[in-house]
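A structural walkthrough
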Amino acid sequence: DTAVSQTPKYLVTQMGNDKSIKCEQNLGHDTMYWYKQDSKKFLKIMFSYNNKELIINETVPNRFSPKSPDKAHLNLHINSLELGDSAVYFCASSQDPGGYEQYFGPGTRLTVT
Amino acid sequence: GQQLNQSPQSMFIQEGEDVSMNCTSSSIFNTWLWYKQDPGEGPVLLIALYKAGELTSNGRLTAQFGITRKDSFLNISASIPSDVGIYFCAGATGTASKLTFGTGTRLQVTL
């Protein structure tokens, strides 16, 4: 069974649309994350949730809103998509807030046209 | 934001050769990690280091936490084709599990 899964794998959409990416982990971890990887492969953290509570918000535009219905799920909703949002988005999880050993999902490649 | 510098940026080696790469920072980190990313996949954790000077192995991989806490090194011995990928270092300072990732080293292995 996949430890951290994301859907969809690929997402192509037009500017101005609203889209969501879903993430689920079956590791029993308490903390989940969203990362953005740009075209140069640079990975940067966007958000972190611990047990459904937001603990890291890295100056991400308000158009990005994470939602955690329970500690096994962390979804990412993006409003009014822009060309610059095109990237690969990774979900990850770790055992607790101090757990630096993070386990990543397979990624969602978002292309905004 | 802060970024960790990795070198080399890319390397082409022959199967069987040993590989060395490093990661440097202008700031101190309390934890260093090494990840590998295959094409179209997410990063996979290889090694975690928690103490300055620590040397840890995982099969053919050996990583070291620099004494200054501002660098880390990864060695791969006797490389094989499946070692191909991008290797990322990541550092953490102890606040809410925030990882800062390096710029990556792309490894290509030729037969």
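Heads up: these notes are all about the structure in this document. Remember, predicted model here, so these are calculated numbers, not experimental data.

**Thoughts on the interface of chain A and chain B**
Contacts between the two partners involve 23 residues from chain A, matched on the other side by 26 residues from chain B. Buried area between chain A and chain B, summed over both chains or domains, comes out near 1,800 Å², and the portion from carbon and sulfur atoms is 60%. Note that Lys98 of chain B and Glu58 of chain A form a salt bridge whose closest N and O atoms lie 3.2 Å from each other. Applying the counting criterion to the chain A and chain B interface returns five residue pairs in polar contact (both at pLDDT 80 or more). Per-element tally for the side of chain A that touches chain B: the top contributor is strand β4 (residues 31-37) of chain A, with four residues.

**A few points about the packing of aromatic side chains**
A full pass over the atoms with the stated rule returns 10 aromatic pairs over all chains. Ring centres of Tyr33 of chain A and Tyr35 of chain A lie 6.3 Å apart, and the angle between their planes is 40°; on these two criteria the pair is classed as tilted. For Tyr33 of chain A, a relative accessible area of 0% corresponds to the buried category. Looking at Tyr35 of chain A, the relative accessible area reads 0%, which means it is buried. Here the aromatic rings of Phe64 of chain A and Tyr89 of chain A are separated by 6.3 Å at their centres, their planes lie at 35°, and the arrangement is tilted. Here Tyr89 of chain A lies in strand β9 (residues 87-94) and Phe64 of chain A lies in strand β7 (residues 64-70), a separation of 25 residues in the sequence. Judged by relative accessible area, Phe64 of chain A falls into the buried class, the value being 6%. Each residue in the set Tyr33, Tyr35, Phe90 and Phe104 of chain A together with Tyr35, Phe88 and Phe101 of chain B is aromatic and connected to the rest through ring pairs, giving one cluster.

**Examining the sheet that holds strand β3 (residues 19-24) of chain B**
Residue and element names in this part refer to chain B. Strand order in this open sheet of five strands is β1-β3-β8-β7-β6, and the pairing throughout is antiparallel. This sheet does not close on itself; its edge strands, each paired only once, are β1 (5-7) and β6 (55-58). On average, adjacent strands in this sheet sit at an angle of 15° to one another, irrespective of strand direction.

**Some remarks on the sheet that holds strand β3 (residues 19-25) of chain A**
Residues and elements named next belong to chain A. One open sheet holds the four strands; their spatial order is β1-β3-β8-β7, and the pairing between them is antiparallel. In this open sheet, the two edge strands, each paired with only one partner strand, are β1 (4-7) and β7. Taking each pair of neighbouring strands and ignoring which way they run, the sheet shows an average axis angle of 20°.

**Some words on the side chain of Thr13 of chain A**
Here Thr13 of chain A shows up in strand β2 (residues 10-13). When residues no more than four places from it in sequence are discounted, the contact partners of Thr13 of chain A are Lys19, Leu81, Leu110, Thr111, Val112 and Thr113 of chain A.

**Comments concerning the nonpolar core**
A general feature of soluble globular proteins is that nonpolar side chains tend to end up buried together. Formed by 21 residues in total, the largest nonpolar core has its most connected members in Trp32, Trp34, Leu74 and Leu107 of chain B. When contributions to this core are tallied by element, the ones reaching two or more residues are β2 (10-14), β3, β4 (31-37), β5 (44-49), β7 (61-65), β8 (71-76), β9 (85-92) and β11 (105-110) of chain B.

**Overview of unusual backbone geometry**
Where the residue is not glycine, phi is negative for most of them; where a peptide bond is considered, it is trans in most cases. Each neighbour pair has its own omega, and for Thr7 of chain A with Pro8 of chain A the value is -5°, a cis peptide bond. With respect to the helices and strands, the residue Pro8 of chain A is situated in the loop between β1 and β2. Note the cis peptide between Ser7 of chain B and Pro8 of chain B, where omega equals -5°. With respect to the helices, strands and loops of the structure, Pro8 of chain B is situated in the loop between β1 and β2. Positive phi, close to 45°, is recorded for Ser80 of chain A, a residue that is not glycine.

Analysis parameters
- Residues numbered from 1 in each chain as written.
- Chains lettered and ligands numbered in written order.
- Predicted model: local features only at pLDDT ≥ 70, side-chain atom pairs only at ≥ 80, totals over all residues.
- Heavy atoms only, no water.
- Contact = heavy atoms within 4.5 Å.
- Buried area = accessible area lost by both parts, 1.4 Å probe.
- Salt bridge = Lys/Arg side-chain N within 4 Å of Asp/Glu carboxyl O.
- Polar contact = N/O pair within 3.5 Å; in protein donor to acceptor, adjacent residues only side chain to side chain.
- Helix = DSSP H or I, 4+ residues; strand = E, 2+ residues; numbered from the N terminus.
- Phe/Tyr/Trp six-rings, centres within 6.5 Å; stacked < 30°, edge-to-face > 60°.
- Buried < 20%, exposed > 50% of the residue type's maximum accessible area, 1.4 Å probe, protein only.
- Pairing = 2+ DSSP bridges.
- Axes fitted to C-alpha atoms, helices over the stretch in contact; angles between N-to-C directions.
- Core = buried A, V, L, I, M, F, W, Y, C linked by side-chain atoms within 4.5 Å.

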